[in-house]
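Commentary on secondary and tertiary structure
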Amino acid sequence: LKWSRDGLSAMSGTLPHFLQEPDDAYIVKSNPIKLRCRARPALQIFFKCNGEWVHQNQHTSLEHTELGTGLKIREVMINVSRQQVEDFHGPEDYWCLCVAWSHLGTSKSRKATVRIAYLRKNFEQEPQGMEVPINGMIVLHCRPPEGVPAAEVEWLKNEELVSSIEDINIDTRADHNLIINEARLSDSGNYTCLASNIVARRRSATATVIVFVNGGWSSWTDWSECNVRCGRGVQKRTRTCTNPAPLNGGAFCEGMSVQKSTCTSPCPVDGGWAEWTMWSVCSSECERQRTRECTDPEPKHGGRLCDGVALDTDNCTGDLCIQDRKLLHDVKVPQGESPNNDVALYSGLAAGVVTVVVLVIALTLYRRNQSEYGVDVIDSSALTGGFQSFSFKSARQGNPLLMNSSMQPDLTVSRTYTGPICFPDSMEKELIPEPALFDPLPDLKDKVHSSFMVSLGVSERAEYHAKVPSQTFPRGVVQEIGGGGGTLGGRGKSQLAPVQPALVSSMTTGKRPLRTNGVFGHGGGRLVVPNAGVSLLVPHGAIEEDTTWELYMSITQQDSSALSDEGQEILLSPEVTYGPPGLTLSCPVALTIAHCADVSSEDWNIKLKRQAQDNSWEEVMTVEEESTACYCLLDTQCCHLLVERPGCYALVGEALTQAAGKRLRLAAFGNMEPNFLNYSIRVYCVNDTPHAFQEVVSVERGRGGRLLEEPKTLLFRANSFNLQVSIQDIPQFLWSIKPFTTCQEFSFTQVWCSSQSPLQCAFSLERYSPAANQLSCKISVRQVKGHEQILQVYTTIAESEKDTVPFFTQSDCTITSQTGSRAFKIPLSIRQRICATFDTANAKGKDWQLLAQKLHIDRNLGYFARQTSPSAVILSLWEAQHQERGDLDSLASALEEIGKVQSKHSTSADTLDHISKTIPSSDSIMNRSSEELDTNHT
C-alpha cells in the first residue's frame, strides 16, 4: 500500500502525455469537423486555434480514471465550421493545437490544420488520342484538376479499370501518366483519366488510341510466261501488300506491285528439206535411190516437220528393163547402129528447157507492164483528190469572261475533247454532185487521171465514191430511229432488235440522251452518243448484204460494279454498252470511249473489262499486252477498241506508283439566290470526260446557273493528299462571306474514287447593297503538295437574271448516226484498192504490216494477222482515231513513203517522184471542196 501511494504520487507529478493529438482535417461542403485531444495525467485541456484560446463553452470534455494507475485521463473535443475557416485570413492555414495541464506544468500537442476540401472541374492536362505503330510506345499524359486534398488518378480503358499489377507492359506510376512500353493490337481503345478525392470524381475527355500496322510487301511471284508466243513481248511478276496487310489505317506499301520486263520467245521454225543426195548406183531391180534430210532448217520450238518424203526412187533404165533382169547398158549394141532411145530422151529435155525460158520471159514482161498501172497504191494524189472532208466539231462561241452575260460560251462543246461530239448536217453533202469534189484545182483532174486513176483501172472520177445508198426502207422500219437520221445500205431482210424508246433531246425534257439507236446495213456507218465522247464505227461489209440491223449504244448511269473487291482499281471511263446481243458481224467494229487517265507515263495498269451474262465483270485484256480477242489503242484522251462481241465495256485502272494521275475537269457556276442579296458560286470537280461533264451541265441547267469561267483541267496524283477549294480576293467593301467558309476540302478517297457523281462545293456571297452588280474573285483548286488551277471569276449581276435563259440551253445534236459512204472519210473505192494492194505480200515488202507501221500501229500485230482483211481493219482503226479531225495528210504521207520504197526498184521512180511533189495538200482540197459545197448549197 505504501508502494502504491508512492507510485501514484510519482505518476501524478509528471507532465501530461498526449494519448491522441488532433489530426489534419478537411471540411467537405458545409459539414463541420471535430478535433479531438486526449492526455494523462491532465487536470485541464484547452484548444488554442490560430494563436487564440477557444472559449471554454465550445469544449466538450470527458474525464475518467485509468484502472491500475489511478491517473486521470481527460479527452476534449471542439467543432470547427466552414465559416470559421473562411473568415480566417492568416498567412498560414487554419490551425489548432491542445494545451494540457498537470501538477508539474503544461504540454502542447502538434498543430492540426483545417482546410476546406474541393476538386476543380477542368483537368490541367487531358490525354490526347494518338496513332502508334505496333510495338511502339504509348504515352498518355494526365494532370488532374487542382484540389484539396490532391486528387488520385486512375485509368480506364473502354470503361474498365487498367491495372499495372496484372499487366507488366503497363506503367501508371509516373506522374499520373499511362505508359505502354510495347503497343499491341489489343491496346487499341478509348482511354479515360479518372481523378478523385474526398469531394468528387472527375473524368477527362476520352482519348482514342489506334495501334496500326504498316503494310509490307510479300515476296515476288515467279515471272509469268511471255505474253507473246513469238518475238518480243512482256512478262511480269507481282507482289501483294499482305506481309503484313495494312491494318487500322496503316500505310500502304510503297513501290510497285507489278514489275514488267521485256522478254523474247523463240519463234517456231518450220523444217525445210536439204538438197537431195546423188542418185545411187542402179540396183539389180533396175532402180536407183536418193535421200534428203529435214535439216535446212531443222524444225525448232514447235515448228512443223517437212512435208513430203525423205526417200525418192526412180527406174534408172527409163522402164526398159530386159526379161532376164539384166541392165540395159549391159546389152551390146550392134556396130553401125545409133542409140535412138538416148536421142529421144535428150530431145525431150531440151524442149522442156526452152518452154520454161519462154514462160519466164513472158511473166517478166507482164509484171513490168503491171508495175506502171497495176493495183499498187503508191500515189497519194488519189487520197487528197478523192477524200471528202468535214469537221465533226462545232464552232466556239464568244469570250466567256466578258461582263456582258449575253456573250456566254457553249458549255456542251469544249476544245479539249477529241472524241466525237455530234455530226454536222449531212444534207449539205448530198447537194454536191460527186464530180464537184474532184475539181478543187484546175489541174487536179489531169494529175489524178494520169497517175493514180490509171493504176486503179478507173476511167471515170465518179467511181472514187461509193454510190449513195438507197433511201428505201424495209417494212416496219422508219428512217429516223433514236434521232439517227440514218439510211439503210440496201434492201432485204430486217434483223431489228426490240425497239426501246430512246431518250429525247434536252430541248424537251432537259436531260441529255444516254442511249442512241440507228439502223445499219451492208454499207456500215457510225453511231454516236452526243456530247459523251463515245462512238461506234461499223465498217463497210461488216453486215451481210440484204441484211439490216438496228444497233444501239448506251451509257450506264448507276454506280459501277466493274471494280475489283480489292479496292485498288478505279473507273477511268463510262460503262458503254452496244448491241443487240445477237449481232453477227464479219469483221470487228471500232468502239471509241473517252477516259480520264494521264497516260504520259507508265504508272498505270489499265485493263479493259466486259460484263458477262451473270452481270459479273471479266477482264478482257490489259492495254499493254497482246491479245487476239481484242485490240486496244490508247490515245491521250480516248481509247479506241476493236471488238467483235456486243456487250458492256469499261476501262479500269490500278495506280502502280504515286506518280499516277487522272485528269479532273473544274468548272464554276453561279446565280443569284431568291433574296437577290446572296450570290451562290458552285465549283465542280469531275473526271475529265465529256460524259462526266455533261452530268454537271444537266444539274446546272435545272438550277439556271451560269458558267463563270472556262472549264480547266487539273492533274490529280495518287499520292493520298486531299483536294482543297478556296475562294480568294473577294471585294471587301462590296461583298462578304461567312467566316470559316472560304476554304473547303475533299478527301483523297472522295476525289480518286469518284466516277459517276460529280463533286461539288458551294460558296454563298452576300452583297452589302443591291447596287453592287459586279463580282470578281479567284477560286483556287489545288491538291495538297500537288498541282493547282485558278478559276478567275468576273461577272455582272443583273437584277432581272431570273428571267434570263441560261447560256447553255441549246439543242443537243439530233443526228446521232450516219450510214453509208457519208460516215467515212476514205471513199469506198480507194479503201478497196488499198486493201487489195496490202493484204497480199509481194516481193517489194509492201504488205499490211508495212501499212500498219507507217500509220504508227506497231504493236499486237497478231490481232490483225488473224483477220480476213488486215488492211481493212487497220483502216477502220485509223477512221476511229481520226473521226473528229479532218486531217487526211497522215494517211496520204504514209502511202507516199510506201511509194518511195517501190521507187527504189521501179523504172517509174522519176514519174512517181514528180507526182508526189505536185500533189496538193489535203487542207487545200478540203477548203476548196468546202467553198464549192457552199456555192452548190446556195
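Residues numbered from 1 in each chain as written. Predicted model: local features only at pLDDT ≥ 70, side-chain atom pairs only at ≥ 80, totals over all residues. Heavy atoms only, no water.

Pairing of strand S35 (residues 631–634) with strand S36 (residues 638–643) involves four bridges; the strand directions are antiparallel. Within S36, the residue paired with tyrosine 631 across the bridge is leucine 642. Where S35 folds back onto S36 in an antiparallel hairpin, the turn is made up of three residues. (Pairing = 2+ DSSP bridges. Helix = DSSP H or I, 4+ residues; strand = E, 2+ residues; numbered from the N terminus.)

The buried fraction of helix H11 (residues 828–838) is high, at eight of eleven residues. Buried within H11 are the following residues: Leu828, Ser829, Ile830, Arg831, Ile834, Cys835, Thr837 and Phe838. (Buried < 20%, exposed > 50% of the residue type's maximum accessible area, 1.4 Å probe, protein only.)

Our focus in this paragraph is the sheet that holds strand S16 (residues 170–171). On the basis of which strands lie adjacent, the open sheet formed by three strands has the order S12-S17-S16 and antiparallel pairing. Of all the strands in the sheet, just strand S12 (138–140) and S16 have a single pairing partner and so form its edges. Pairing of S12 with strand S17 (residues 178–180), which is carried by three bridges, proceeds in the antiparallel orientation. Opposite leucine 140, over in S17, you have leucine 178 as the bridge partner.

Among the nonpolar cores identified, the biggest contains 68 residues, and Leu591, Ile681 and Ile779 are the most heavily contacted of them. Membership of the second largest hydrophobic core comes to 32 residues, among which are Leu537, Ile834, Leu855 and Ala894. (Core = buried A, V, L, I, M, F, W, Y, C linked by side-chain atoms within 4.5 Å.)

The next subject is the state of the cysteines. Between two cysteines, a covalent bond joining their sulfur atoms is known as a disulfide. Going through the model one piece at a time under the given rule, you end up with seven disulfides. The residue that forms a disulfide with cysteine 226 is cysteine 263, at a sulfur-sulfur distance of 1.9 Å. The sign of the 85° torsion about the S-S bond sets the cysteine 226-cysteine 263 disulfide as right-handed. Taken as a pair, cysteine 226 in the loop between strand S20 (207–212) and strand S21 (231–238) and cysteine 263 in strand S22 (residues 258–265) lie far apart in primary sequence, 37 residues in all. (Disulfide = S-S within 2.5 Å.)

In this section: the sheet that holds S36. Pairing is antiparallel in the open sheet, where six strands are placed in the order S35-S36-S32-S28-S27-S48. Strands with a single pairing partner mark the edges of an open sheet, and in this sheet they are S35 and strand S48 (817–819). Geometrically, the sheet is characterised by an average inter-axis angle of 10° between neighbouring strands, direction not taken into account. The pairing of strand S27 (residues 525–529) with strand S28 (residues 534–538) spans five bridges and is classified as antiparallel. (Axes fitted to C-alpha atoms, helices over the stretch in contact; angles between N-to-C directions.)

Summarising the element assignment, cysteine 761 is placed in strand S45 (residues 759–767). Owing to a relative accessible area of 4%, cysteine 761 belongs among the buried residues under this scheme. With sequence-adjacent residues up to four places away left out, cysteine 761 is seen in contact with Ile681, Arg682, Val683, Val725, Gln744 and Phe746. (Contact = heavy atoms within 4.5 Å.)

The next point concerns helix H9 (residues 690–703). Structural remark: α-helix, 3.6 residues per turn; residues separated by three or four positions point the same way. Given a rise of 1.5 Å per residue, 14 residues ought to cover 20 Å, and the 20 Å separating the end C-alpha atoms of H9 matches this to within 8%. Regarding H9, the residues found buried are Pro690, His691, Ala692, Phe693, Gln694, Glu695, Val696, Val697, Glu700 and Arg701. Just beyond H9, the residue with positive phi is glycine 704, at close to 75°. (Expected span 1.5 Å × (residues − 1).)

Tracing the chain through its elements places glutamine 259 in strand S22. A distance of 2.8 Å separates a polar atom in the side chain of glutamine 259 from a polar atom in the side chain of arginine 237. (Polar contact = N/O pair within 3.5 Å; in protein donor to acceptor, adjacent residues only side chain to side chain.)

The subject of this paragraph is the pattern of salt bridges. Under the counting rule described, the total for this entry stands at 27 salt bridges. Taking the shortest distance from any N to any O, the salt bridge between aspartate 167 and arginine 184 comes out at 2.9 Å. Taken as a pair, aspartate 167 in the loop between strand S15 (160–161) and S16 and arginine 184 in the loop between S17 and strand S18 (189–196) lie far apart in primary sequence, 17 residues in all. In the salt-bridge network here, residues are joined through shared partners; they are Glu569, Lys607, Lys609 and Glu619. (Salt bridge = Lys/Arg side-chain N within 4 Å of Asp/Glu carboxyl O.)

What follows is about the side chain of asparagine 671. Here asparagine 671 lies in strand S38 (residues 661–672). Reaching out from asparagine 671, the side chain makes a polar contact with the side chain of arginine 682 at a distance of 2.8 Å.

With that settled, consider the packing of aromatic side chains. Applying the stated criterion across every chain yields a total of 14 aromatic pairs. The interplanar angle of 75° and the centroid separation of 5.6 Å between the aromatic rings of phenylalanine 46 and tryptophan 101 together place this pair among those described as edge-to-face. With phenylalanine 46 in strand S4 (residues 44–49) and tryptophan 101 in strand S8 (residues 94–101), the pair connects residues that are 55 residues apart, well separated along the chain. The class of tryptophan 101 is partly exposed, set by a relative accessible area of 29%. (Phe/Tyr/Trp six-rings, centres within 6.5 Å; stacked < 30°, edge-to-face > 60°.)

In this structure, the amide linkage connecting valine 148 to the following residue, proline 149, adopts the cis form with an omega of -10°. With respect to the helices, strands and loops of the structure, proline 149 is situated in the loop between strand S13 (147–148) and strand S14 (152–157). Cis geometry is found at the peptide bond from aspartate 296 to proline 297, where omega equals -5°. Structurally, the position occupied by proline 297 is in the loop between strand S23 (287–291) and strand S24 (311–315). The phi dihedral of asparagine 615 falls on the positive side, at around 70°, and the residue is not glycine. With respect to the element layout, asparagine 615 can be found in the loop between strand S33 (604–611) and strand S34 (617–622).

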